[in-house]
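Inside the fold
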Amino acid sequence: TGRHFVVMAVRDVDKGKRVAKEMGFPDGSYTVMKLELASLQSVRDFVANLKAFKSARPLTNLICNAAVYRPTDPEPAWTDDGFEMSMGVNHFGHFLLVNLLLKDMQKAKNPRVCIVGSITGNSNTVGGG
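One structure accompanies this document, and this report is about it. (Residues numbered from 1 in each chain as written. Predicted model: local features only at pLDDT ≥ 70, side-chain atom pairs only at ≥ 80, totals over all residues. Heavy atoms only, no water.)

1. Points about a nonpolar patch on the surface
- Residues Phe 5, Val 7 and Phe 53 make up a contiguous nonpolar surface patch of about 210 Å² in total accessible area.
- Assignment of secondary structure puts Val 7 in strand β1 (residues 6-10). (Patch = residues over 30% accessible without salt bridge, like charges linked within 9 Å, V, L, I, M, F, W, Y side chains within 5 Å. Areas by Shrake-Rupley, 256 points an atom, 1.4 Å probe, with all protein chains shown as cover. Salt bridge = Lys/Arg side-chain N within 4 Å of Asp/Glu carboxyl O. Helix = DSSP H or I, 4+ residues; strand = E, 2+ residues; numbered from the N terminus.)

The following block contains the structure:
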């Protein structure tokens, strides 16, 4: 619609660009940036890059929708920082991201943060429904 500029924070930049095109995002209405929530350094780097990129543009909405869910893995996986993967990605990565962006968001009119636990709403999964 042109009302918003979308920053897609993704693990796979090429896939993010492909999805934006498939979804019909108009050119110039979005950018795709690298973010790996399993690395707190990646979160810090993303925020620094976002602040440099967006310049004076307000950050009005932040939707945290990334998650890992591996209930059937026989062994736990670990983040770069040594946290169990689901805690690191689903909680600590988002917590740091939101906290690093709060000051910028406070400058916007009616800013919103939405953290989605999408796996729990899927009745086709072990953890959902």
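From this point, the discussion proceeds with the structure in view.
2. Looking at the pattern of salt bridges
- Scanning the model with the defined rule gives 3 salt bridges in all.
- Between Asp 27 and Lys 21 there is a salt bridge whose closest N-O contact spans 2.6 Å.
- Its relative accessible area of 61% is what places Asp 27 among the exposed residues.
- For Lys 107, the salt bridge identified is with Asp 104, shortest N-O distance 3.9 Å.
- Assessed through its relative accessible area of 69%, Lys 107 is described here as exposed.
- Linked through salt bridges whose partners overlap, the residues forming this network are Lys 51, Asp 104 and Lys 107. (Buried < 20%, exposed > 50% of the residue type's maximum accessible area, 1.4 Å probe, protein only.)

3. With respect to unusual backbone geometry
- In this structure, Asn 110 is a non-glycine residue whose phi angle is positive, near 55 degrees.
- Mapped onto the elements, Asn 110 comes out in the loop between α3 (85-106) and β4 (112-115).

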